[in-house]
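Architecture and fold: a report
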Amino acid sequence: MGFRNTRKTCCTPGPIAWLRTLSLSDGSKASVIGLDAIFEDICGHGAGPSPETASEIVRRLSRKNNIPLSLVGLYEDAVLREFTTYMECRTCEDTPEDSQAPALPRKGIFSRFMGWLK
């Protein structure tokens, strides 16, 4: 029995980082390999969510995944939704550290120890 990572956030796909399941608009699901790497590369080039970006992502996905030509439109819709969510999560995580948000008090054994020293 091996260790299985079950922690999830909005930006992590689940236990297997390189495998992601897309929900197609016809109600079916499709597992794809390499979507996160493509998202990172597209973001690195400064592209935002758009139908053209979705077409490029599906084109790249088809190199490692079997995508039937009859379902390309469904894949593009699903990828566009996922990429939009991915970009929103990146925006939340990329907030500057010197923002106006108040610092949260530390909790833990070290902060208790420092409190005793005062």
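As shown above, the structure is provided for reference.
Residues numbered from 1 in each chain as written. Predicted model: local features only at pLDDT ≥ 70, side-chain atom pairs only at ≥ 80, totals over all residues. Heavy atoms only, no water.

1. Things to note about the environment of T84
In this structure, T84 sits in helix α3 (residues 72-93). T84 sits in the partly exposed class, given a relative accessible area of 27%. One polar contact links the side chain of T84 to the main-chain carbonyl oxygen of L80, over a distance of 2.7 Å. (Helix = DSSP H or I, 4+ residues; strand = E, 2+ residues; numbered from the N terminus. Buried < 20%, exposed > 50% of the residue type's maximum accessible area, 1.4 Å probe, protein only. Polar contact = N/O pair within 3.5 Å; in protein donor to acceptor, adjacent residues only side chain to side chain.)

2. Some words on the pattern of salt bridges
A pair can form between side chains of opposite charge whenever their charged atoms are brought close. The final tally for this structure, using the stated rule, is five salt bridges. D36 is the salt-bridge partner of R20, the closest N and O atoms lying 2.5 Å from each other. Placement of R20 in strand β1 (residues 19-23) and of D36 in helix α1 (residues 35-44) is noted, with a sequence separation of 16 residues between them. Salt-bridge contacts for E56 lead to R59; the nearest nitrogen and oxygen are separated by 2.6 Å. Of this pair, E56 and R59 both sit in helix α2 (residues 51-61), three residues apart, which is roughly one turn of the helix. Here R59 falls in the partly exposed class, since its relative accessible area comes to 42%. What emerges from the salt-bridge pattern is a single network uniting D41, E56, R59 and R60. (Salt bridge = Lys/Arg side-chain N within 4 Å of Asp/Glu carboxyl O.)

3. A closer look at the side chain of N65
Tracing the backbone shows N65 in the loop between α2 and α3. When neighbours within four sequence positions are excluded, N65 is seen to be in contact with S31, V32 and I33. (Contact = heavy atoms within 4.5 Å.)

4. Topic: the environment of M87
With respect to the secondary-structure elements, M87 resides in helix α3. Taking relative accessible area as the criterion, M87 reaches 22% and is therefore assigned partly exposed. Separated by 38 residues in sequence, M87 and P49 have C-alpha atoms that sit 7.8 Å apart. Excluding residues that lie within four positions of it along the chain, M87 makes contacts with C43, A47 and P49.

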